[in-house]
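Tertiary structure, described
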Amino acid sequence: MLTASQKVLQQLAALLLERAGLKITPDGFHSLRLALSARMPVLGLEEPEHYIQRLTGAGGEEELRSLLPLVTVGHTEFFRDAKQFRALEKSVLPDLVSRSRREMRKVSIWSAGCATGEEPYSLAMVLAELGALSLEVDLWATDLNLAAVEAAKQGRFTSRRAISINQARLTRFFKPVEEGYEALPALREYIRFDGQNLAVPVFDKVALSSLDLILCRNVIIYFDLPTIRGLMDRFLAALRPGGLLFLGYSESLFKVYDRFEMIEVDGAFVYRRPLNDKSMRAPPLRITPYPGEPDVAARRPADAFTADLRKRMQPEDVPLTTRLPAVSASSVAAPGSPSVTLPALGASSSPRSVVPGRLPAVSPHSPLPAIAAPPPASVARSRVTAELPTVGSVDSARPRITTELPAVATTPRAATVEVPAWPTLLPPAERLAMAVRKMAQGDFSAAIAGVQRLLADEPSDLDGLLTLGNLFSLTGRIPEAREAFAQAIQREPLCVEARVFGGVAALQAGELSEARSELGKALFLEPTLAIGHYLLAQVHERTQDHEAARRSYRNAIAQLRFPQRPLAGHYPEMPDSADAISRAARYALAALEEQPLR
């Protein structure tokens, strides 16, 4: 591996922290060496010092963006996600070994995006403990970063990286070496490492219907929707009927792809290629229909597991509040339910006209949303229309709320909010959708309770963490919002959404310097993110820098020529489609153009 001085590594770490907010401690310098090993040959550079000069010179930002995904390759660990590995050890792998022996073939597994090898080595240890011989197993481990693949082949890990391996396994499968441990040859024999780009349209090294199990965890979070759907097409074709796909807990195919069945295995939710599609041909690059397209009614009925699950979730003696509500295109809030103003960023308590999609300027003294007393029966209530998007629509990752905003109660009062029973057997994405519906209805207390229960069961759910941070932000609990976004960044260091929503929380609190910093980091990570430029323009408006605001609004409009992905996490009334962002930015820009330059 490349030799780089501590000074160079410290300079690189400082640059990553300043530009992208990515904190790399000395314990993580291993990942910096891997990244340098991958990028320097591409640029024809041999000395790390020259690479640092390239990063700080003209065109350095683009190169730093190319470096970032390679730096985060070191953020992995042995036996990551306890629930999933419990399911693998207790059920999935024993069943695969038994079945493959009956069918006189090898167990076929693909660890896609294996980084430096912790995942495939974890699988190999479990297979060996089950009595499977290396010649009975085809465990293929791949990664885009060839430097990481070479490091994985060596099987050397520092003591810190091996901390998740218990002593019995360390003794059986590793030998002590300087600064850590090295996998024994008998363990390395289980795995064949290779380079593989998951975004290519064809996997020429994978036969159709040949795999029993694919693990692609904490990888697709960095992909856009078309890339995810194309990858799922290829995974589906590569799996045998009944084959399983494990994704990371922060990743979900909910509203994204419906060709897999979701099943529960020992408390872990995994995806399965349907058992009854043995004659299925290799799917094209784009399968139609996706969820929400015209012939959605023709989709296959839910399997017995799902039907049984629904039945168990809705027994006759359970109060109606525990059932999944049937939502129509337009619904009226039930009399007597709390009415909460859904604040746009910095919404004030005084009535004002709101341009659809435009986030009003934030006042540092904005009141927190208050629960208003139910109006008398004779008084007409304002209607809240929840425009629930068609399932699977690209631009509809969150409910769009179009609402006649009721006046916020001038004197907040304590209210007893009935928090419904939140089911624990539904997939995490569906549980989060229930909380989002509560948020859309203005029932923030119930929404927070629902998301907190979800995170108690699934602490790694990134969508849930981001949504909880937004709920805290909307209700004025800014320190708790910051903590939620910090946890999201700890989980996924390049999480653009955590920076965007962190900037929104700072804007909500009137912390404009922090808001500008967070949004700047988000835009460094994803320069084409139109909503990031739009929000940054609002920060500039607040600081009276009208020229910078004009520039950022123009940037927001210009970036709409690129496809805009839906953000993970949910924030009500934030412009989330190209049309909404364009309208809001053009309106704001027109208003600014009427003001003289300063």
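In short, a report on the structure. What you see is a predicted model, and the numbers here were worked out from it, not measured in a lab.

**A short note on the overall build of the protein**
In terms of helices and strands, the protein carries 20 helices and 14 strands. For the protein, the residues scored as buried account for 51% of the 598 residues in total. In the protein, the share of contacts with a sequence separation of at least 24, taken over all contacts with a separation of at least 6, comes to 73%. When the accessible surface of the protein is split by element, carbon and sulfur atoms take 54% of a total near 27,200 Å².

**Details of the pairing of strand β2 (residues 137-143)**
Across the seven residues that make up β2, a large majority, six, are buried. In terms of strand pairing, strand β1 (residues 107-112) meets β2 through six bridges, oriented parallel. Following the sheet pairing, I109 is matched in β2 by L139. As for the winding sense of the linkage, the β-α-β connection from β1 through helix α6 (residues 118-129) to β2 is right-handed.

**Re the pattern of salt bridges**
Taken as a whole, this structure holds 28 salt bridges when the rule is applied. Across the pair R217 and D81 runs a salt bridge, and its minimum N-O distance is 3.8 Å. With R217 in the loop between β7 (211-216) and α10 (225-238) and D81 in the loop between α4 (60-71) and α5 (82-102), this pair connects stretches of sequence that are 136 residues apart. By the burial criterion, R217 is buried, and D81 matches it. When the shortest N-O distance is used, the salt bridge between E547 and R550 registers 3.7 Å. In this pair, E547 and R550 are both assigned in helix α19 (residues 546-559), three residues apart and thus about one turn of the helix distant. Residue classification places R550 among the buried residues on the basis of a relative accessible area of 2%.

**Considerations on unusual backbone geometry**
In the Ramachandran plot, E179 falls in the positive-phi region, its phi being about 70° despite a non-glycine side chain. Mapped onto the elements, E179 comes out in the loop between β4 (174-177) and β5 (180-183). The class of E179 is exposed, set by a relative accessible area of 63%. With phi around 50°, D266 is a residue other than glycine that occupies positive phi space. As for its placement among the helices and strands, D266 is situated in the loop between β9 (261-265) and β10 (268-272). Relative accessible area serves as the criterion here: at 35%, D266 is assigned to the partly exposed category.

**Description of the packing of aromatic side chains**
Overall, the coordinates contain 14 aromatic pairs when judged by the stated rule. Plain terms: the ring middles of W110 and F235 are 5.5 Å apart, the flat faces sit at 85° to each other, and that makes the pair edge-to-face. One end of the pair, W110, is in strand β1; the other, F235, is in helix α10, with 125 residues separating them in the sequence. Ring geometry for Y257 and F260: centres 5.9 Å apart, planes at 45°, overall tilted.

**A few points about the packing of helix α17 (residues 512-525) against helix α18 (residues 530-542)**
Their axes nearest at 10 Å, the elements α17 and α18 cross at an angle of 155°. One way to sum up the angle between α17 and α18 is to call them roughly antiparallel. For the pair α17 and α18, the sense of crossing is left-handed. In this structure, α17 contributes L512, A515, R516, L519 and L523 to the contact, and α18 contributes G532, H533, L535, L536, V539, H540 and R542. Partitioning the contact of α17 with α18 into residue classes produces seven nonpolar, three polar and two charged.

**A closer look at the environment of L523**
Locating L523 in the fold gives a position in helix α17. Remark: the alpha-carbon pair of L523 and V496, spanning 27 residues in sequence, is separated by 8.1 Å. With residues near it in sequence (within four places) discarded, L523 still touches R65, L529, G532, H533 and L536.

Reading the values: rules and limits
Residues numbered from 1 in each chain as written. Predicted model: local features only at pLDDT ≥ 70, side-chain atom pairs only at ≥ 80, totals over all residues. Heavy atoms only, no water. Helix = DSSP H or I, 4+ residues; strand = E, 2+ residues; numbered from the N terminus. Buried < 20%, exposed > 50% of the residue type's maximum accessible area, 1.4 Å probe, protein only. Contact = heavy atoms within 4.5 Å. Areas by Shrake-Rupley, 256 points an atom, 1.4 Å probe, with all protein chains shown as cover. Pairing = 2+ DSSP bridges. Right-handed = clockwise from strand over helix to strand, strands pointing away. Salt bridge = Lys/Arg side-chain N within 4 Å of Asp/Glu carboxyl O. Phe/Tyr/Trp six-rings, centres within 6.5 Å; stacked < 30°, edge-to-face > 60°. Axes fitted to C-alpha atoms, helices over the stretch in contact; angles between N-to-C directions. Parallel < 35°, antiparallel > 145°, perpendicular 65-115°, else oblique. Left-handed = near helix turned anticlockwise from the far one by under 90°. Nonpolar A, V, L, I, M, F, W, Y, C, P; charged D, E, K, R; others polar.

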